[in-house]
Amino acid sequence: MSNERIETYKKNEAYASYQADLAFEKELNILRNDFYYQMIDSKKTTALVDFMYRPLDTLSGDAYSARRIDENRTFYLLVDGMGKGVSASFTAVIMTSFINHLIDKMIEHESFSLNLLIKESMDFIKPILLEDEVLAIDFICFDSYFAILEYAKFAMPPFLLHDKSNNIIKIKSNNTPLSKWQSSYQVDSYNIRNIEKFLFYSDGIVENSTIHDNKPYAAYIEEDFKHSFTREEFKDKFYASIKEQEDDLSLIFINSLDMSKETLIGKKVFKTSLQEVDNAGLWYEEAWKSFHNDIKEIDRAGVVFTELFMNAYEHGNLGLSSIKKHKYLEDDIYFEKLIELQESCEKEISVEVYKLKEYDNEYVVTKICDDGDGFDTQILSQIFRNSKKYNGRGVFVSRKNSMGIYYNSKGNCVLFLNKI
């Protein structure tokens, strides 16, 4: 092959890769997630909502969305297009886009209806589907006020529910795969008052072969789910069991957390000052040492605490933007400005540390709340897509050194977990 042809080939490859990256970026924008690194707080309990979305190739046949409908209702969508490649990705993406558009309109007019959402979505996608094409899809709606889970499952793998008596409940599909010939559908409901944990997932999870005599992961998913407190723990168990990823992977992991039932290790309120930042770090270390002696784990938790407490101090209570912070650093006046800002700040930062036990495992839950205006956690999606950027590195480091970080909807309170 001549040098000219090699150069042409390289340019074509680079252009194709560039276009694929743009397409994937657009796909990520279509996947709406109203709970990106958020906890769902209610008067009775706190729900920790986590997601995993791992396409096998650049374009994915899987798609998901997570939407906050109102104070009591949340909606989750999982879509799995038939086959792989552009066709499956196109179907999953346009279906997800249409459903999110409908939800936006329903929220705007306060007229959300799961039945109407399903009917309109079916009417939209049926003319687009090919004659032999089918679509697997989950429509899931939680109503926390009535403790009801409404769902329409079109040939998706069973939901897994973990109840307070340590039982795993499987909810199977109540509809056939969605095709262009389908004219009816069924919506069922389940009382979730006794349920602590939920797992919704695409078939790429359960059909993946494992290192255990090549058995599919379906043989292990229930036990792994039962003994996982967060998505991170479940994800680690999943990847430890498989040889390699064989299909697109999507899952939604929801766990409830009632802090009033957990053991309080320590609780303290700090003023907004650099001295208190140091004091808080020392206090937190001593709180850990009161029940644990693993220095490595204490240090890891301390890294997360320092990063998130500093965020509460400078960005929360002092209201210092990232742009101003960088300018102050460049001008070498950063600490002088912090001292100047804190002199007139009467806001406080509260910290609570809890220890909880689930089966044979123990976890530490740390909660940091400031009196600031909060922030939109959606910006974290951009940070985690490009972790090399300076902005938000503290949150990125915190995620890597914990089992999960979760903000309240306002963005002025963060909770993170460590496994002992």
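Predicted, not measured: the structure shown is a model, and the values here were computed from it.

A. Region of the structure containing the overall build of the protein chain. Helices and strands together make up the secondary structure of the protein chain, namely 12 helices and 16 strands. Relative to its full complement of 420 residues, the protein chain shows a buried share of 49%. Summarising the internal contacts of the protein chain: among those between residues at least 6 apart in sequence, 69% fall at separations of at least 24.

B. Structural context of the pairing of strand S7 (residues 159–163). For S7, the buried fraction is high: five of the five residues fall into the buried class. Alternating residues of S7 divide into Phe159, Leu161 and Asp163 and Leu160 and His162, and every residue in both groups is buried. Inspection of the sheet shows S7 paired to strand S8 (residues 168–171) by four bridges, in the antiparallel sense. Of the residues in S8, the one forming a bridge with His162 is Ile168. Remark: four residues form the turn of the hairpin made by S7 and S8, two consecutive strands paired antiparallel; Asn166 in that turn has positive phi of roughly 75°.

C. Seen up close, the side chain of Thr46. Tracing the backbone through its elements, the reader meets Thr46 in strand S2 (residues 46–54). Classification of Thr46 by relative accessible area gives buried; the value is 9%.

D. Geometry of helix H3 (residues 114–125). Spanning 12 residues, H3 covers 17 Å between terminal C-alpha atoms, matching the ideal 16 Å at 1.5 Å per step. For H3, the complete set of buried residues consists of Leu114, Leu117, Ile118, Ser121, Met122 and Ile125. For H3, the angular spread of buried residues about the axis comes to 125°, placing them on one side. Turning to H3, the residues buried within the fold contact strand S4 (73–81), helix H2 (86–108), strand S5 (135–143) and strand S6 (148–154).

E. Summary view of the nonpolar core. Ranked by size, the top nonpolar core spans 55 residues in total, and within it Phe75, Tyr76, Leu117 and Phe139 carry the most contacts. If you tally residues by element for this core, the top one is H2, at eight residues. Apart from the residues lying within four places of it in its own chain, the contact partners of Leu117 are Phe75, Ile99, Leu102, Ile103, Met106, Phe112 and Phe139. Tyr284, Val304, Tyr334 and Val364 belong to the second largest nonpolar core, which has 34 residues in total.

F. Here's a closer look at the side chain of Glu297. With respect to the helices and strands, Glu297 occurs in helix H8 (residues 295–317). Arg300 is the oppositely charged side chain nearest to the buried, salt-bridge-free Glu297, at an N-O distance of 4.4 Å. Excluding its chain neighbours within four sequence positions, the residues that come into contact with Glu297 are Trp288, His292, Asn418 and Lys419.

G. Quick look at the sheet that holds S7. The strand order across the open sheet formed by six strands is S1-S2-S11-S10-S7-S8, and the pairing between neighbours is antiparallel. Taken across any chain shown, the strands that pair with only one partner, and hence form the sheet edges, are strand S1 (39–41) and S8. Strand-to-strand, the axes of this sheet are offset by a mean angle of 20°, without reference to chain direction. Across five bridges, strand S10 (residues 195–201) lies against strand S11 (residues 249–257) in antiparallel orientation. When the sheet's bridge partners are listed, Phe198 is paired in S11 with Ile254.

H. Region of interest: the packing of aromatic side chains. This structure, assessed with the given rule, holds 28 aromatic pairs. A centroid spacing of 5.9 Å and a plane angle of 70° characterise the contact between Phe270 and Trp283, whose relative ring orientation is edge-to-face. With Phe270 in strand S12 (residues 263–271) and Trp283 in helix H7 (residues 274–289), this residue pair connects regions lying 13 residues apart in the sequence. On the basis of an interplanar angle of 35° and a centroid distance of 5.4 Å, the ring pair of Trp288 and Phe291 is categorised as tilted.

I. Summary view of a nonpolar patch on the surface. A cluster of nonpolar side chains, Val86, Phe90 and Ile128, forms an exposed patch at the surface whose accessible area comes to about 290 Å². Structurally, Val86 can be placed in helix H2. Val86 gets classed as exposed once you look at its relative accessible area, which sits at 61%.

J. Focus on the environment of Tyr334. Looking at the secondary structure, you find Tyr334 in helix H10 (residues 334–342). Looking at Tyr334, the relative accessible area reads 8%, which means it is buried. The sequence separation of Tyr334 and Lys324 amounts to 10 residues, and the corresponding C-alpha distance is 9.2 Å.

K. Structural context of the state of the cysteines. One pass over the full model with this rule turns up one disulfide. One disulfide in the model links Cys369 with Cys413; its S-S distance is 2.1 Å. With Cys369 in strand S14 (residues 361–370) and Cys413 in strand S16 (residues 413–419), this residue pair connects regions lying 44 residues apart in the sequence. Of the residues examined, Cys413 reaches a relative accessible area of 5% and is grouped as buried.

L. Fine view of unusual backbone geometry. Although it is not a glycine, Ala155 adopts a positive phi angle of roughly 60°. Relative to the elements of secondary structure, Ala155 occurs in the loop between S6 and S7. Given the relative accessible area of 35%, Ala155 is considered partly exposed. In this model, Asn214 sits at a positive phi of 65°, which is unusual for a non-glycine residue. Within the fold, Asn214 resides in the loop between helix H4 (203–206) and helix H5 (221–226).

M. How the structure looks around the sheet that holds S6. An order of S3-S4-S5-S6-S9 is seen for the five strands of this open sheet, with the pairing classed as antiparallel. Both edges of this open sheet fall to strand S3 (62–68) and strand S9 (188–191), since each of them pairs with a single strand only. Adjacent strand axes in the sheet meet at a mean angle of 15° when their direction is disregarded. Along the sheet, H2 contacts S3, S4 and S5; its crossing angle with S3, the most-contacted strand, is approximately 10°. Strands in contact with H3 are S4, S5 and S6; relative to S5, the strand with the most contacts, it is inclined by about 160°.

Criteria and thresholds
The residue numbers shown here count from 1 along each chain, following its written sequence. The model is predicted, so local features are restricted to residues of pLDDT at least 70 and side-chain atom pairs to those at 80 or more, both for listing and for counting; the totals for chains, interfaces and linings are taken over all residues. Calculated side-chain values reflect all of the structure's heavy atoms, with hydrogen atoms and water omitted. Going along the chain from the N terminus, every DSSP run of H or I of four or more residues is numbered as a helix, and every run of E of two or more is numbered as a strand. Buried residues are those whose accessible area, probed at 1.4 Å on protein chains only, stays under 20% of the maximum for their type, while exposed residues exceed 50% and partly exposed ones sit between those limits. Residue contacts are defined here by distance: any two heavy atoms, one from each residue, within 4.5 Å place the two residues in contact. A pair of strands is treated as paired once DSSP finds two or more bridges between them. Helices are assigned an expected span. That span is 1.5 Å times one less than the residue count. In this description, one arc is meant: the one made by directions from the helix axis to the C-beta atoms. Remark: nonpolar core denotes a set of buried residues (Ala, Val, Leu, Ile, Met, Phe, Trp, Tyr, Cys) joined through side-chain atoms within 4.5 Å. All tallies of charge rest on Lys and Arg as positive and Asp and Glu as negative; His and the ends of each chain are not included. The salt bridge criterion pairs a side-chain nitrogen of Lys or Arg with a carboxyl oxygen of Asp or Glu, the two atoms within 4 Å. Here, axes are lines fitted to C-alpha atoms. For helices the fit covers the stretch in contact, and angles between N-to-C directions go from 0 to 180 degrees. Two rings belonging to Phe, Tyr or Trp (six-membered ring only in the last case) form a pair when the distance between their centres is within 6.5 Å. Interplanar angles under 30 degrees mark stacking, angles over 60 mark edge-to-face geometry, and anything in between is tilted. Patch building starts from residues that exceed 30% relative accessible area and form no salt bridge, then joins like charges within 9 Å and nonpolar side chains (Val, Leu, Ile, Met, Phe, Trp, Tyr) within 5 Å. In these tables, accessible area is a Shrake-Rupley quantity obtained with a 1.4 Å probe, and a residue counts as shielded only by the protein chains included in the view. Cysteine sulfur pairs qualify as disulfides if the two atoms are within 2.5 Å.

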